[in-house]
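# Summary of the model geometry
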Amino acid sequence: MSCKIYMDHAATTEMLPQVRDKMEPYLMGEFANASTAYDMGARSRKAIEQARADIAGVIDALPEEIYFTSGGSESDNWAIKNIAGAKKKEGRHIITSKIEHHAVLRSCQYLEQLGYEVTYLDVDDYGLIRPEDLSRHIREDTTLITIMAANNEIGTMEPIGEIGAIARKKGIVFHTDAVQVVGQVPLSVSRLPVDLLSASAHKFHGPKGVGFLYVKSDQDLPSFIHGGSQERGKRAGTENVAGIVGMAEALKLAAAEMRMGRTRLIRLRNYFCERVMHEIRGVRLNGHPYRRLPGNVNFSIEGVEATALLVLLEEQGVCASAGSACNTGETRLSHVITAIRVPERFAAGSVRFTMGRETTRDDVDATIRALRESVALLRGGSNPV
Ligand SMILES: *Cc1c(COP(=O)(O)O)cnc(C)c1O
């Protein structure tokens, strides 16, 4: 069954035709290895460096601060493991939060096995990190702070400006997983105190399997993949030219449409929330009411079970998620829903709807209709909704 109404943009997005058109020549025809000396190779090299400059332009970085990777997970792994490794003589304490993406959490857990100490900060009921809480946990041996720019499940946008300022004042490296923010919300690394930042193309209508890591020019990040001299010797391997070109095109398109698209999505999101809160009883909105990603809605619905609800929604053509896409199949509660202390009778019915550029008001209306019907069916009884 395919998704008539796609409400899962936080999991991935569809590639745009313009992106595919830009990639096409580099899949066949312009196939040369960018490290070769002949003209065709030089054209591949040029395409990569143009993409790097374009991406840098969108986030206000320098081209040499952009490193291409295979996506958000790789960028997170690289930043966390290799900054921790580079700084281990200065200290082995890392601060993160309880609601990070698993690419961050599991990298931190891995470092714990190697003898590092990790503090997992609590969040408030909206999923916000309190900067004063961060300050309290900083120690002499803290070398890295990694806090996401926005949460992929509940949409809460973290105060990374304040967090980064605290880190900078203390001389601690600050990494942010901005996979949900890049291409959605304006972001300038020249105005934000961040040292490293992760992004992924498939979250902004680019191809899957490609992303980037921004590394501020004064940071000395060790190599992640050893081998050839690609990515200035830090990430060896023949470049994914088509993917890189596609990512740059997708990000340029996202940036060009960001202002209007964002306003439209915020309106749609607020409409969605208001109607659901009005028309279905026993619903909680998870995450912050307005400090949240434009297209994100996350509800906990009393008396229903998320996996059953998702099946009924899909029967009506609506594709949504419980928690994050990466955890489907697991029956335990999402670590994010647990961290924001959703009351037990609501928690099992937590579902995420994430809208994007092609989502219309009709899609939202149809989703609400499907949600009402599904909840009624699952609750049974005489006054189910
Ligand atoms: C999707 C996502 C990732 C992983 O990105 P991939 O490119 O799929 O590896 C990491 N962090 C966040 C917040 C995400 O939403």
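Residues numbered from 1 in each chain as written. Predicted model: local features only at pLDDT ≥ 70, side-chain atom pairs only at ≥ 80, totals over all residues. Heavy atoms only, no water.

When its secondary structure is counted, the protein shows 11 helices and 12 strands. Computed over C-alpha atoms, the radius of gyration of the protein comes to 21 Å, within 12% of the 21 Å expected from 2.2 N^0.38 for 385 residues, which places it in the range of a compact globule. Along the first, second and third principal axes, the C-alpha atoms of the protein reach 75 × 55 × 35 Å. Looking at the protein as a whole, 57% of its 385 residues are labelled buried. Across the protein, contacts joining residues at least 24 apart in sequence account for 74% of those joining residues at least 6 apart. (Helix = DSSP H or I, 4+ residues; strand = E, 2+ residues; numbered from the N terminus. Rg over C-alpha atoms; globule rule 2.2 N^0.38 Å. Buried < 20%, exposed > 50% of the residue type's maximum accessible area, 1.4 Å probe, protein only. Contact = heavy atoms within 4.5 Å.)

Below, the discussion takes up the pattern of salt bridges. Evaluated as defined, the whole model comprises 23 salt bridges. Arg-45 is the partner of Glu-239 in a salt bridge, and the nearest nitrogen-oxygen pair spans 3.1 Å. One end of the pair, Glu-239, is in the loop between β8 (211–215) and α7 (241–279); the other, Arg-45, is in helix α2 (residues 39–59), with 194 residues separating them in the sequence. Classification of Glu-239 by relative accessible area gives buried; the value is 10%. A single salt-bridge network, built from bridges that share partners, covers Arg-45, Glu-49, Arg-52, Glu-231 and Glu-239. (Salt bridge = Lys/Arg side-chain N within 4 Å of Asp/Glu carboxyl O.)

Residues other than glycine predominantly adopt negative phi, and peptide bonds predominantly adopt the trans conformation. A positive phi is found at Asp-60, a non-glycine position, where the angle reads about 65 degrees. Position of Asp-60 among the secondary structure elements: in the loop between α2 and β2 (66–69). You can call Asp-60 partly exposed: its relative accessible area is 34%. Unlike most non-glycine residues, Glu-231 shows phi in positive territory, near 50 degrees. With respect to the secondary-structure elements, Glu-231 resides in the loop between β8 and α7. With a relative accessible area of 5%, Glu-231 lands in the buried category.

The next subject is the pairing of strand β4 (residues 117–121). The pairing of strand β3 (residues 93–97) with β4 spans 5 bridges and is classified as parallel. Bridging from a neighbouring strand, Thr-96 pairs with Tyr-120 of β4. (Pairing = 2+ DSSP bridges.)

The next point concerns the state of the cysteines. According to the stated counting rule, one finds 1 disulfide in the structure shown. Two residues share a disulfide in this structure: Cys-3 and Cys-319, whose sulfurs sit 2.0 Å from each other. Judged by the torsion about the S-S bond (-90 degrees), the Cys-3/Cys-319 disulfide is left-handed. A residue pair is termed long-range when its members are at least 10 positions apart, and Cys-3 in the segment before β1 (5–6) and Cys-319 in strand β11 (residues 318–319) qualify at 316 residues. Left unpaired, Cys-273 is separated from the closest cysteine sulfur, that of Cys-319, by 20 Å. (Disulfide = S-S within 2.5 Å.)

Interpretation note: all reported values are geometric properties and have no functional meaning in isolation.
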